[in-house]
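# Overview (structure and organization)
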Amino acid sequence: MLPHEKELVERLKAEPFALLGINSDGDAETVKKILARESITWRQALDGDTSGPWATKWNVNGWPTIYVLDANGVIRYRDVRDAAMEKAVLELVAEAKGG
Amino acid sequence: MRNRMRPPIGIGLVLGLLAVPASAQDVHKAQAVAGQSAPADFAKKLEALVQRYNDERSEVITAYQKATTDEERARILAGMPGAGYVPEFRALAQEARGTDTAAQAWIWVMRLSEEDKATAWQAVTTLLEEHMQSAVIAELTGELRYASYQHGEKPVIEALRAIVDESPHEKVRAGALFTLGAVLLESKEPTNKQEGRNCFEAVITEYGDQPYRGDSTYRKAAEGFLYELDHLQVGMVAPEFESVDENGVPWKLSDYRGKVVVVDFWGFW
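Below, the structure is looked at part by part. Please read these numbers as outputs of a predicted model, since none were measured by experiment.

Let us look at the overall build of chain B. Check the secondary structure of chain B and you find 13 helices and 3 strands. Within chain B, the proportion of its 269 residues that are buried is 33%.

Printed below as a string of structure tokens:
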């Protein structure tokens, strides 16, 4: 997951694409350490723990849980990972640029 | 680079889900709830067996977390205790037949038989046939949440319906109806989805104030599923959400309109 996500973020940095991490590891200091250790650069939401407000509202019961949204904010895929996630993202990026 | 401690799905299930019910304390609690007097030596045997399993598991997890290479991690995970404990739990279940300890032991047999469908389902069948009156069945309803990946949804749905209809315990019926809703919502059949919604609505009406997990109630938990059903399906505009990043900077999902967005709920914890 993680190496692939990093590679995708790097490759698509000039494209209309954003990876947003909703993190359940704890407070800012804890998360900062993890981000530094793992060289994670993309935007994070500090959701606290697995009962955090975002995870609770979106009824997240398993981790990782992934939603892929198009440029209009419409949910287009759920729970795609790795190659399937990349395929979804590339298709939607092409759609966003085409439209 | 590749040292994410909590790898995707497979290991998450092993390290995460199994951790919840695996304490000897839970065994005590469930028996206290049941209010039946399982012969003390059976209960002690079960407790010792669970303890041994948990200790072995903790050792593997500790070693896993200390490992530095993928090869090492893979080797350590291969030593995770599991099916090797099934014969002991099954023997205890047969020895203690008819008691709540037997019911507990069958739940362990099911839990540890991920690779052995027939054994896992034999445990479920035995629980339904011999222990339907037991409060321990509450634990089975939780285990059945993910059983459709192994057994297909049909037998799991039938088992849950039977529990909803036949258990004398409100807590067990609440758990079964809730799990039934979750399994039905994941079904590919559109009619099942509608029925899943009905289950959650019934959970709210009939068992809303009952405790779910931690501080939560069945109402809150069921409302989560109904919200997901109404707002988080493919084709729907993702609902707005606001949070702060690690530097305290607030941001919201709609800030990213115009971009393709992957929302990734993650963590190492």
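What follows concerns unusual backbone geometry. All names here are of chain A. In this model, Trp-63 is joined to Pro-64 through a cis peptide bond whose omega is -5 degrees. Inspection of the secondary structure puts Pro-64 in the loop between helix H3 (53-57) and strand E3 (65-69). The phi dihedral of Asp-79 falls on the positive side, at around 55 degrees, and the residue is not glycine. Here Asp-79 shows up in the loop between strand E4 (75-78) and helix H4 (82-98). Residue classification places Asp-79 among the partly exposed residues on the basis of 13 C-beta atoms within 10 Å. Although it is not a glycine, Asp-82 sits at a positive phi angle of roughly 50 degrees. Checked against the element boundaries, Asp-82 lands in helix H4.

Right, let's talk about the nonpolar core for a bit. Residues and elements named next belong to chain B. Grouped together as the largest cluster of nonpolar side chains are 52 residues, with contacts concentrated most on Phe-89, Ala-105, Trp-106, Val-109, Leu-160 and Val-203. In terms of residue count, helix H11 (residues 170-185) provides more of this core than any other element does, 9 residues in total. A domain split of this core shows at least three residues from each of domain 1 (1-128) and domain 2 (136-230). Setting aside residues up to four positions removed in sequence, Ala-105 forms contacts with Leu-46, Phe-89, Leu-92, Ala-93 and Ala-96.

Most of strand E1 (residues 17-23) of chain A is tucked away, with 6 of its 7 residues classed as buried. In this structure, E1 of chain A lies alongside strand E3 (residues 260-266) of chain B, joined through 7 bridges in parallel fashion. By the bridge assignment for E3 of chain B, Leu-19 of chain A is matched with Val-262 of chain B. Where E1 of chain A meets strand E2 (residues 43-46) of chain A, 4 bridges bridge the pair, whose relative direction is parallel. Residue pairing across strands places Asn-23 of chain A opposite Leu-46 of chain A, the latter belonging to E2 of chain A.

Attention shifts here to the packing of helix H12 (residues 190-207) of chain B against helix H13 (residues 218-231) of chain B. Residue and element names in this part refer to chain B. Interhelical geometry of H12 versus H13 gives an angle of 155 degrees and a closest axis separation of 9 Å. One finds that H12 runs roughly antiparallel with respect to H13. Crossing geometry of H12 relative to H13 is assigned as left-handed. Only Tyr-218, Arg-219, Ala-222, Glu-223, Phe-225, Leu-226 and Leu-229 of H13 make contact with H12, whose side of the interface consists of Arg-197, Phe-200, Val-203, Ile-204 and Tyr-207. The class makeup of the residues in the contact of H12 with H13 is 9 nonpolar, no polar and 3 charged.

Quick notes on the rules
Residues numbered from 1 in each chain as written. Chains lettered and ligands numbered in written order. Predicted model: local features only at pLDDT ≥ 70, side-chain atom pairs only at ≥ 80, totals over all residues. Helix = DSSP H or I, 4+ residues; strand = E, 2+ residues; numbered from the N terminus. Buried ≥ 20, exposed ≤ 12 C-beta atoms within 10 Å, placed from the backbone. Core = buried A, V, L, I, M, F, W, Y, C linked by C-beta atoms within 7 Å. Domains from an automatic or database assignment. Contact = placed C-beta atoms within 7 Å. Pairing = 2+ DSSP bridges. Axes fitted to C-alpha atoms, helices over the stretch in contact; angles between N-to-C directions. Parallel < 35°, antiparallel > 145°, perpendicular 65-115°, else oblique. Left-handed = near helix turned anticlockwise from the far one by under 90°. Nonpolar A, V, L, I, M, F, W, Y, C, P; charged D, E, K, R; others polar.

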